[in-house]
Amino acid sequence: MRDPLFTPLQAGALALPNRVVMAPMTRSRALDDGSVSAMTATYYAQRASAGLIITEGLFPEAMGKGYVRTPGLATDEQAASWARVTRAVHAAGGRIAAQLMHVGRISDPLFLPHGSTPVAPSAVRPQGSSYTDLGARPHITPRALERTEIKRIVNAYATATERALEAGFDAVELHAGSGYLPMQFLSSRTNHRLDEYGGDVLARSRFLLEVLDAMVAVADAGRVGLKLTPELPFNDIADDTPELTYTTLMREVAQRGIAFAEVVSTGPIDWHALLRPLFDGAYFLGGGQTRDSAVAHLQAGRADAVVFGQAFIANPDLPRRLLSGAPLASADRDTFYSPGPQGYVDYVAWSDAAALAAA
Ligand SMILES: Cc1cc2nc3c(=O)[nH]c(=O)nc-3n(C[C@H](O)[C@H](O)[C@H](O)COP(=O)(O)O)c2cc1C
């Protein structure tokens, strides 16, 4: 019987040769101007055997940046630097999607133009800190966005999508998890707006859906994906009625016919059981997966593909290792976000010629 992880998958317009997807992961190796270097092209090309690579979060506008040395798609120069990455990945036989990530209130004036105050749906201060070159700085109270600014941010996502396609990306993914801007609008505790972007679940979904529609208008639904992390408390986010929020949202998303949804499930609720039946596109399941759990999810029909994060940091040839049963290296957390090549492009491939020949 064919290994379920190595059965091809059509996800919208994307033809994936296997179901081992590389998770979006911030690695803080970008230059000060938000562009990436040749080292980043090497890093992603090393991982081109993934069914699909999803990049680290890229800010669609300068106000969306929230971490040191993170890259963007907010300028033509930033996009040009990504063209080198997509060329390298394609030359190595891979496919790569750009993740658009606007952190909203999870930022610090040090990361923003002219030392601006971070923006959010409402002026609700998050617990926690930003890790800056000046050390950890507690988050400050964000400024609530004006309605006209919201339209401008939606347009920024559309423009970033255009730049992504021009840079040669195969798809774009909207990051609507991890307590960042779209999730800040979606979640009841961070959205106290009284206009059409706040209130009931549909109103709180409006920003996310407007952004998704803007991305679809540019890229076509077959090249758009969405990441959700229901109930993940990361970045001090919470919703009072998560089941209602995410089932309502998923029904709306399904009407858009997008290529894939990436869902990381945490908390007491079995989100995959709840959300997958509501979505017609390819369902990518992620978070703490192993070879055995991934195969079990695919065989049980709980997912169409499985997303691996940390395992892909330490194992650039992860699909081949999963196929051959080769041992997996573990990732060094100390170099997740450190500058330079160490812990980035120096993890080696497992040379298993026999397994390769048998594949
Ligand atoms: C170093 C690191 C950086 C991450 N950065 C992002 C990111 O930029 N965007 C995102 O959606 N998720 C990010 N994540 C979460 C991963 O995409 C993934 O959901 C998570 O690591 C769980 O998968 P795993 O257990 O296989 O690592 C990051 C995770 C790690 C370890």
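Residues numbered from 1 in each chain as written. Predicted model: local features only at pLDDT ≥ 70, side-chain atom pairs only at ≥ 80, totals over all residues. Heavy atoms only, no water.

A. Here's a closer look at the pairing of strand S13 (residues 282-286). With respect to burial, S13 is a largely interior element, five of its five residues being buried. One ladder, built from five bridges, connects strand S12 (residues 260-264) with S13; its direction is parallel. When the bridges of S13 are listed, Val263 appears paired with Leu285. Across three bridges, the pairing between S13 and strand S14 (residues 305-308) is parallel. Looking at S14, one finds that Leu285 is bridged to Val306. (Buried < 20%, exposed > 50% of the residue type's maximum accessible area, 1.4 Å probe, protein only. Helix = DSSP H or I, 4+ residues; strand = E, 2+ residues; numbered from the N terminus. Pairing = 2+ DSSP bridges.)

B. View of the nonpolar core. Counting residues in each nonpolar core, the largest one holds 87 residues, and the members touching the most others are Tyr44, Leu73, Trp82, Phe207, Leu226, Val253 and Phe308. If one sorts the elements of this core by residue count, helix H5 (residues 201-219) sits on top with nine residues. The residues contacting Tyr44, other than those within four sequence positions of it, are Met22, Met25, Ile53, Thr55, Glu56, Trp82, Val85, Val89 and Ile96. Counting residues in each nonpolar core, the second largest holds 16 residues, with Ala11, Val21, Leu52 and Val307 among its members. (Core = buried A, V, L, I, M, F, W, Y, C linked by side-chain atoms within 4.5 Å. Contact = heavy atoms within 4.5 Å.)

C. Spotlight on the site of the ligand. Lining the immediate surroundings of the ligand are 17 residues, of which Pro24, Thr26, Gln99, Gly288 and Gly309 lie closest. Between the ligand and Thr26 there is a distance of 2.6 Å, counted from an oxygen atom to a side-chain nitrogen or oxygen. Between the ligand and the protein, one listed contact pairs an oxygen atom with a backbone N or O atom of Gly288 at 2.7 Å. Expressed as a share of its isolated accessible area of 600 Å², the protein-covered part of the ligand is 83%. Its residues placed into classes, the shell around the ligand shows eight nonpolar, eight polar and one charged. (Near = heavy atom within 4 Å. Polar contact = N/O pair within 3.5 Å; in protein donor to acceptor, adjacent residues only side chain to side chain. Areas by Shrake-Rupley, 256 points an atom, 1.4 Å probe, with all protein chains shown as cover. Nonpolar A, V, L, I, M, F, W, Y, C, P; charged D, E, K, R; others polar.)

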